[in-house]
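# Summary of structural features
Below, each chain spelled out in residue letters.
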Amino acid sequence: MTARGGHLHYVDLIRVLTVGLVIGTHVLALAPVPPTVLMGLLGTVFHTSREIFFLLTAFVLTYSTGRKRVHWPRFWRRRLLLVAVPYLLWTVLYFFADGKPFSGSALVTDVLTGTARYHLYFLLVSLQIYLVFPLVLRLLRATAGRHGPLLAAAVLFQLAFAAAVQWQWPLGPLSGWVRSPDALLPSYLGYVLAGAIAAWHRDRLVAWTRRHTRVVALGCAAAIGAAMNVFVIQMFVAGQPPLRASMVFQPAVVVESFAIAGAFLAAGLAWQDSGRRGERLVTAASDASFGIYLGHPLLLQGALLAAGSLGLTGYAQTVPNAAVLAVLVLVLAPALYLASGLVTALARRTPASLALTGRTWSRPAPPPREAVRTGSLAESLAESGGTR
């Protein structure tokens, strides 16, 4: 296995790009216009954010834990705390944000199923990944030298499962899983294994990507083009409505997700190798990514309510849909990203940071204290935070 090194700067950019796809997906999903072909085409690209995040989660976990001896109870305690607490808080916040009469049973159902808002399933799946991750590492060690076949099996499984969901294959006792796959880890098992294998062979993957950046870019473009063609065929030949033709669980999106993940890796490496321009902004956005993910639907809900009260929602029905989508993707989505990042940065500086952002409280550094004359220079620096 590749040895663990320092901070992976390219992962920061990958995370920032993926959050952008997430926000784009949710902005499109709540667009105040009927679903159109253009919306479906954009959706086939933006929907890959889900799969890329699971690839990235497994990659980072494997990179950080793969070679060292892990005290799993401590690992679970820390990881579960950083996800479970925000999950519970935001579930309650979104439950009451809908303005429905309080129902204890409905709240419990939302907690158990991740349905208080359309994006909270991700936290439930993350908790499941943490719980079984020791088994993932054990599998990788047991199959060392045979990771090629394991990767092929993972991809084939993901393709088959996506087909089962898209066409609702009758799978007997597993039919319930096929009908409601969002919050269950097995629905993404192929991505988790692929991400873990990628981290296990990180040096080889990174070196290959650097040598074949153009191939990766062309492959990504081809995969996106193929997925869009599949969408068009499903709409105009199979007669599917735009939302169904662009659904997340379908084989075309599986291929597209791996291709876009590879392109994001190539982009991250190119950014890192060229001097990491804008590093402070990228690092800050990456650090805030979980908080942005958690809170942006609430800000989006507020923006849509404001648009309705100002008459903008009604006005959107009188202009071409393409113009509305352009405003949503090019104006609203970036503005929502920025606003969510600023809110997250503020939340990080409060005692509620863990619950709101999944990150520990980022306390401001204390002002330097006057050095004690009898102490050494090192002691003075330590007191003022200079050696951190």
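Identification of the chain as Acyltransferase from Amycolatopsis cynarae is taken from an unreviewed UniProt entry. Check the Sequence similarities (unreviewed entry) section of the UniProt entry for the chain; it says "Belongs to the acyltransferase 3 family." Listed under Subcellular location (unreviewed entry) in UniProt, the entry text for the chain is "Cell membrane".

All right, on to the layout of surface pockets then. Roughly 1,000 Å³ of internal volume is contained in the largest pocket. Forming the boundary of the largest pocket are 31 residues, of which Arg-15, Val-60, Arg-79, Tyr-130 and Arg-359 lie nearest the centre. Elements that contribute at least two residues to the lining of the largest pocket include exactly α1 (9–29), α3 (48–65), α4 (72–97), α6 (121–142), α14 (279–287) and α15 (289–309). For the lining of the largest pocket, the element with the highest residue contribution is α3, accounting for 7 residues. Split by residue class, the lining of the largest pocket holds 14 nonpolar, 10 polar and 7 charged. Of the voids in this model, the second largest pocket is the one considered here, and its volume is about 790 Å³. Ala-194, Ala-198, Leu-205, Gly-262 and Leu-265 are, among the 28 residues lining the second largest pocket, the residues nearest its centre. When contributions to the lining of the second largest pocket are tallied by element, the ones reaching two or more residues are α1, α3, α7 (147–166), α9 (189–200), α10 (202–211), α11 (213–236) and α13 (251–273). Element by element, the count of residues in the lining of the second largest pocket is highest for α13, at 5 residues.

It is worth spelling out the packing of aromatic side chains at this point. The full count for this structure, using the stated rule, is 17 aromatic pairs. Measuring from centroid to centroid gives 5.3 Å for Phe-122 and Tyr-293, while their planes differ by 55°, and the two rings are tilted. In this pair, Phe-122 sits in helix α6 while Tyr-293 sits in helix α15, placing the two residues 171 residues apart along the sequence. Neither residue differs from the other here; Phe-122 and Tyr-293 are each classed as buried.

Here we take up the packing of α6 against α9. Contact geometry for α6 and α9: axes closest at 11 Å, N-to-C directions at 55°. Classified by the angle their axes make, α6 and α9 are oblique. The handedness of the crossing between α6 and α9 is right-handed. On α9, the residues touching Ile-129, Val-136, Leu-137, Leu-139, Leu-140 and Arg-141 of α6 are Val-192, Leu-193, Ala-196, Ile-197 and Trp-200. Of the residues in the contact of α6 with α9, the class split is 10 nonpolar, no polar and 1 charged.

Backbone geometry at Gln-168 places phi at a positive 50°, although glycine is not the residue there. Along the chain, the position of Gln-168 falls in the loop between α7 and α8 (175–179). Using a relative accessible area of 37% as the deciding quantity, one classes Gln-168 as partly exposed. Even without glycine at this site, Arg-276 takes up a positive phi of about 55°. Structurally, Arg-276 is set in the loop between α13 and α14. Since its relative accessible area comes to 26%, Arg-276 is described here as partly exposed.

Glancing now at α6. End to end, α6 covers 31 Å across 22 residues, agreeing with the expected 32 Å (1.5 Å per residue, within 8%). Roughly 55° is the biggest bend found in α6, and it falls at Val-132, with proline Pro-134 one to four residues downstream.

A few words now on the pattern of salt bridges. Across all of its chains, the model carries 8 salt bridges by this definition. Salt-bridge contacts for Arg-348 lead to Asp-287; the nearest nitrogen and oxygen are separated by 2.4 Å. One end of the pair, Arg-348, is in the loop between α17 (321–347) and α18 (353–357); the other, Asp-287, is in helix α14, with 61 residues separating them in the sequence. Of the residues examined, Arg-348 reaches a relative accessible area of 11% and is grouped as buried. The class for Asp-287 is partly exposed, based on a relative accessible area of 29%. In this structure, Arg-359 engages Asp-287 in a salt bridge whose closest nitrogen and oxygen atoms are separated by 2.8 Å. Highlighted residues: Arg-359 in the loop between α18 and α19 (377–384) and Asp-287 in helix α14, separated in sequence by 72 residues. Among the residues examined, Arg-359 registers a relative accessible area of 33% and is labelled partly exposed.

Secondary-structure assignment places Thr-48 in helix α3. Separated by 240 residues in sequence, Thr-48 and Ala-288 have C-alpha atoms that sit 21 Å apart. Contacts of Thr-48, omitting those with residues within four sequence positions, involve Leu-21, Val-253, Glu-256, Ser-257 and Ile-260. Among the polar contacts listed, one links the side chain of Thr-48 to the backbone oxygen of Val-45, at a separation of 2.7 Å.

Cut-offs and rules
- Residues numbered from 1 in each chain as written.
- Predicted model: local features only at pLDDT ≥ 70, side-chain atom pairs only at ≥ 80, totals over all residues.
- Heavy atoms only, no water.
- UniProt positions renumbered as here; feature names shortened; annotations may be inferred.
- 1 Å grid on protein atoms, 1.4 Å probe; cavity = no way out; pocket = protein on both sides within 12 Å on 5 of 7 lines; lining within 4 Å.
- Points joined across faces, edges and corners; volume = space filled by probe spheres on them.
- Helix = DSSP H or I, 4+ residues; strand = E, 2+ residues; numbered from the N terminus.
- Nonpolar A, V, L, I, M, F, W, Y, C, P; charged D, E, K, R; others polar.
- Phe/Tyr/Trp six-rings, centres within 6.5 Å; stacked < 30°, edge-to-face > 60°.
- Buried < 20%, exposed > 50% of the residue type's maximum accessible area, 1.4 Å probe, protein only.
- Axes fitted to C-alpha atoms, helices over the stretch in contact; angles between N-to-C directions.
- Parallel < 35°, antiparallel > 145°, perpendicular 65-115°, else oblique.
- Left-handed = near helix turned anticlockwise from the far one by under 90°.
- Contact = heavy atoms within 4.5 Å.
- Expected span 1.5 Å × (residues − 1).
- Bend = angle between axes of the 7 residues up to and from the residue.
- Salt bridge = Lys/Arg side-chain N within 4 Å of Asp/Glu carboxyl O.
- Polar contact = N/O pair within 3.5 Å; in protein donor to acceptor, adjacent residues only side chain to side chain.

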